[in-house]
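If you want the building blocks of each chain, they are given just below.
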Amino acid sequence: MNEAASLPTLEICEQAILDTFAKRGIRPGKGIQSLDLLELTIGNPPPFRATELNAALDSLQKKGCIDTVTRPGTTILLEARRRE
């Protein structure tokens, strides 16, 4: 099987991050410790690689959905966007 074909897309990684906020009941303006997102990299095989997760975090920050700069070590939800 082609490994590249089985890798999650950026959009899937982004949605998993937003789902983590939703699962924990985090509302816009509130944050979670960045370490809480590590659950997305644990498993056999892990759902996401750290590089994929970092790319999705960068993308969500550029889109204005999250902020990781204001409080280092904490990812703050700015706007919850869910795909229908």
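Residues numbered from 1 in each chain as written. Predicted model: local features only at pLDDT ≥ 70, side-chain atom pairs only at ≥ 80, totals over all residues. Heavy atoms only, no water.

Caption draft 1: Layout of the environment of E52. Structurally, E52 is set in helix 3 (residues 50-62). You can call E52 buried: its relative accessible area is 13%. For the pair E52 and L7, spaced 45 residues apart in the sequence, the C-alpha separation amounts to 9.0 Å. (Helix = DSSP H or I, 4+ residues; strand = E, 2+ residues; numbered from the N terminus. Buried < 20%, exposed > 50% of the residue type's maximum accessible area, 1.4 Å probe, protein only.)

Caption draft 2: Representation of a nonpolar patch on the surface within the structure. Taken together, the side chains of L35, L38 and I42 define a hydrophobic patch exposed on the protein surface, amounting to about 330 Å² of accessible area. Here L38 lies in the loop between strand 1 (31-33) and helix 3. With relative accessibility at 41%, the residue L38 sits in the partly exposed group. (Patch = residues over 30% accessible without salt bridge, like charges linked within 9 Å, V, L, I, M, F, W, Y side chains within 5 Å. Areas by Shrake-Rupley, 256 points an atom, 1.4 Å probe, with all protein chains shown as cover. Salt bridge = Lys/Arg side-chain N within 4 Å of Asp/Glu carboxyl O.)

Caption draft 3: Spatial organisation of the sheet that holds strand 2 (residues 66-67). Read from one edge to the other, the open sheet built from 3 strands follows the order 1-3-2, with strand pairing classed as antiparallel. Each edge of the open sheet carries a strand with a single partner, namely strand 1 and strand 2. Pairing of strand 2 with strand 3 (residues 74-77) involves 2 bridges; the strand directions are antiparallel. Opposite D67, over in strand 3, you have I76 as the bridge partner. (Pairing = 2+ DSSP bridges.)

Caption draft 4: Representation of the pairing of strand 3. Here strand 3 shows a buried face lined by T74 and I76 and a second buried face lined by T75 and L77. What sits between strand 2 and strand 3 in their antiparallel hairpin is a turn of 6 residues, with G73 showing a positive phi close to 90°.

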